[in-house]
Amino acid sequence: MGDENSLEELSYQSGYGNSFSSEALAGALPHGQNSPLLCPYSLYAEQISGTSFTSPRKLNLRSWLYRIKPSVTHEPFKPRVPSHGKLLSEFDRSNSSATPTQLRWKPVEIPDSPTDFVDGLFTVCGAGSSFLRHGFAVHMYTANKSMDNCAFCNADGDFLIVPQKGRLWITTECGKLQVSPGEVAILPQGFRFAVDLPDGPSRGYVAEIFGAHFQLPDLGPIGANGLAAPRDFLAPTAWFEDGRRPGYTIVQKFGGELFTAKQDFSPFNVVAWHGNHVPYKYDLSKFCPYNTVLVDHSDPSINTVLTAPTDKPGVALLDFVVFPPRWLVAEHTFRPPYYHRNCMSEFMGLIYGGYEVHF
Ligand SMILES: [Fe+2]
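Residues numbered from 1 in each chain as written. Predicted model: local features only at pLDDT ≥ 70, side-chain atom pairs only at ≥ 80, totals over all residues. Heavy atoms only, no water.

**Here we look at the packing of aromatic side chains**
Right, so step 1: Within the structure shown, the criterion is met by 14 aromatic pairs.
Right, so step 2: Where Tyr16 meets Tyr280, the ring centres are 5.2 Å apart and the plane angle is 75°; that geometry is what we call edge-to-face. With Tyr16 in the loop between β1 (12-14) and β2 (20-23) and Tyr280 in strand β19 (residues 280-283), the pair connects residues that are 264 residues apart, well separated along the chain. Accessibility assignment for this pair places Tyr16 and Tyr280 in one class, buried.
Right, so step 3: Ring centres of Phe334 and Tyr339 lie 5.9 Å apart, and the angle between their planes is 25°; this geometry places the pair in the stacked category.
Right, so step 4: Taking relative accessible area as the criterion, Tyr339 reaches 75% and is therefore assigned exposed.
Right, so step 5: Among the aromatic residues, those joined into a cluster by ring pairs are Phe117, Tyr141, Phe152, Phe159 and Phe193.
Right, so step 6: Seen from the ring of Trp239, Lys176 lies directly overhead, with NZ or CZ sitting 3.9 Å from the centre. (Phe/Tyr/Trp six-rings, centres within 6.5 Å; stacked < 30°, edge-to-face > 60°. Helix = DSSP H or I, 4+ residues; strand = E, 2+ residues; numbered from the N terminus. Buried < 20%, exposed > 50% of the residue type's maximum accessible area, 1.4 Å probe, protein only. Lys NZ or Arg CZ within 6 Å of the ring centre and 35° of its normal.)

**So, the environment of Val184**
Right, so step 1: Note that Val184 resides in strand β12 (residues 183-187).
Right, so step 2: Relative accessible area serves as the criterion here: at 1%, Val184 is assigned to the buried category.
Right, so step 3: Each C-alpha atom of the pair Val184 and Leu284 lies 7.3 Å from the other, and the pair is 100 residues apart in sequence.
Right, so step 4: Non-local contacts of Val184, meaning those with residues more than four positions away in its chain, are made with Leu160, Ile161, Val162, Val179, Tyr280, Lys281, Tyr282, Leu284 and Phe320. (Contact = heavy atoms within 4.5 Å.)

**Remarks on the nonpolar core**
Right, so step 1: Core analysis: the largest hydrophobic core is formed by 29 residues, its most contacted members being Leu160, Phe214, Val305 and Leu306.
Right, so step 2: When residues of this core are traced back to their parent elements, those giving at least two are β7 (134-143), β9 (158-165), β12, β14 (202-210), β19, β20 (304-309) and β21 (316-321).
Right, so step 3: If near-sequence neighbours (up to four positions away) are discounted, Val305 is found in contact with Leu216, Pro217, Ala228, Phe233, Tyr282, Leu284, Phe287, Phe320, Val321 and Val322.
Right, so step 4: Formed by 23 residues, the second largest nonpolar core is a distinct cluster that contains Phe117, Leu177, Val179 and Leu187. (Core = buried A, V, L, I, M, F, W, Y, C linked by side-chain atoms within 4.5 Å.)

**Observations regarding the sheet that holds strand β13 (residues 192-196)**
Right, so step 1: Spatially, the seven strands line up as an open sheet ordered β5-β17-β16-β8-β13-β10-β11, and their pairing is mixed. Each edge of the open sheet carries a strand with a single partner, namely β5 (78-79) and β11 (175-179). (Pairing = 2+ DSSP bridges.)

**With respect to a nonpolar patch on the surface**
Right, so step 1: Taken together, Val293, Leu294, Val295, Trp327 and Val329 make up a surface patch of nonpolar side chains, about 570 Å² in accessible area.
Right, so step 2: With respect to the helices and strands, the residue Val329 is situated in the segment after β21. (Patch = residues over 30% accessible without salt bridge, like charges linked within 9 Å, V, L, I, M, F, W, Y side chains within 5 Å. Areas by Shrake-Rupley, 256 points an atom, 1.4 Å probe, with all protein chains shown as cover. Salt bridge = Lys/Arg side-chain N within 4 Å of Asp/Glu carboxyl O.)

**Some words on the side chain of His277**
Right, so step 1: Position of His277 relative to the elements: it lies in the loop between β18 (270-275) and β19.
Right, so step 2: Once residues within four sequence positions are removed from consideration, His277 is found in contact with Ile48, Ser49, Gly50, Leu61, Arg62, Ser63, Pro188, Gln189, Phe191 and His213.

**Comments concerning the sheet that holds strand β15 (residues 233-236)**
Right, so step 1: Sheet architecture is open: eight strands sit in the order β1-β15-β19-β12-β9-β14-β7-β6, paired in antiparallel fashion. The open sheet has two free edges, formed respectively by β1 and β6 (121-129), since each of these has just one partner strand. Pairwise comparison of adjacent strand axes, ignoring direction, gives a mean angle of 20° for this sheet.
Right, so step 2: As paired elements, β6 and β7 share eight bridges and run antiparallel to each other. Looking at the pairing, Leu121 lines up with Tyr141 of β7. (Axes fitted to C-alpha atoms, helices over the stretch in contact; angles between N-to-C directions.)

**Things to note about the UniProt feature "binding site: homogentisate" (unreviewed entry) in the protein chain**
Right, so step 1: According to UniProt, the "binding site: homogentisate" (unreviewed entry) feature falls on Glu346 and Tyr355.
Right, so step 2: Structurally, Glu346 can be placed in the segment after β21.
Right, so step 3: Its relative accessible area of 47% is what places Glu346 among the partly exposed residues.
Right, so step 4: Within the local environment of Glu346, its side chain forms a polar contact with the side chain of Asn342, the two groups lying 2.8 Å apart.
Right, so step 5: Looking at the element boundaries, Tyr355 is found in the segment after β21.
Right, so step 6: If sequence neighbours within four positions are ignored, Tyr355 has contacts with Arg104, Met348 and Leu350. (UniProt positions renumbered as here; feature names shortened; annotations may be inferred. Polar contact = N/O pair within 3.5 Å; in protein donor to acceptor, adjacent residues only side chain to side chain.)

What follows is the structure in structure tokens.
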């Protein structure tokens with residue numbers, strides 16, 4: 001994937017939910033229409049959608065990709081051999097050991113044997129079903145080598161990746177993202193991407209949502225500013241590779257199972273693109289926390305970075321929340337968070353610092 005410094009100089013497009021556009025070759029984007037009879041540079045026009053065609057405009061997600069070869073030109077998908085065996089996308093009593101007890105885990109060891117991002121993924125918990133398009137899964141990954149001559153595609157849902165150790169160099173169809181511990185990356189359903197590990201042994205968390213997409217939370221009385229600012233979200237700029245890549249493998253996750261298809265070219269052959277359905281990243285240190293200034297603790301929802309809504313007002317499928325370094329000031333208030341029993345489930349992961357050592 002080029003020299004070690006190539007991703008340090010990446011340029012990004014800033015904003016959340018924007019209608020972005022990017023071209024790696026000047027003039028590669030058609031003007032005035034999306035699918036001309038002949039595209040510039042004889043590229044193939046391809047739409048990728050994240051919502052139904054008829055979704056309301058404020059929710060509608062789709063992008064147009066202009067690529068050297070159509071992505072459909074691959075051999076049929078077959079179940080991967082060996083199967084993965086550590087991923088779930090349906091959660092019920094038959095396949096889980098659910099317990100009402102609170103659990104905590106030590107950091108997971110990173111394996112010595114060669115393991116890439118896909119093989120290093122394993123499901124920790126979840127609810128619902130990818131087939132029913134409602135639910136979520138929480139995975140972790142431990143890996144030590146870059147993906148080689150293959151790309152991953154998740155047909156089940158969107159990934160929100162939280163590296164805890166080691167940077168991720170993620171090549172997507174829209175361009176490249178460098179994601180360091182302290183940053184998060186969102187890879188929407190259906191996008192092909194490959195993960196390189198420039199720092200070797202790596203570990204992190206993944207939140208996956210079925211049938212929904214993340215959005216910025218409403219701010220209510222906080223006002224027009226605060227929490228995560230739209231301009232701090234970064235989408236890639238177009239980047240492509242050309243030429244034959246014999247034996248290239250697309251690994252697709254569908255219903256928690258992996259399927260593979262061979263093709264003789266890189267899927268990262270998108271010369272230009274435009275639209276609002278894109279992979280993106282966010283630096284959690286940019287988060288602007290709000291909190292109490294007199295008495296009592298705020299509810300943790302005050303720290304929501306991104307939320308995936310359900311049809312029920314105010315009920316999230318999954319909220320991604322950060323507890324960043326911040327001042328906690330209050331009078332005659334019990335210092336730690338109040339005792340609580342939530343109707344919704346919490347999954348906490350440490351990125352850096354000490355857990356519960358702030359007294
Ligand atoms: Fe809690």
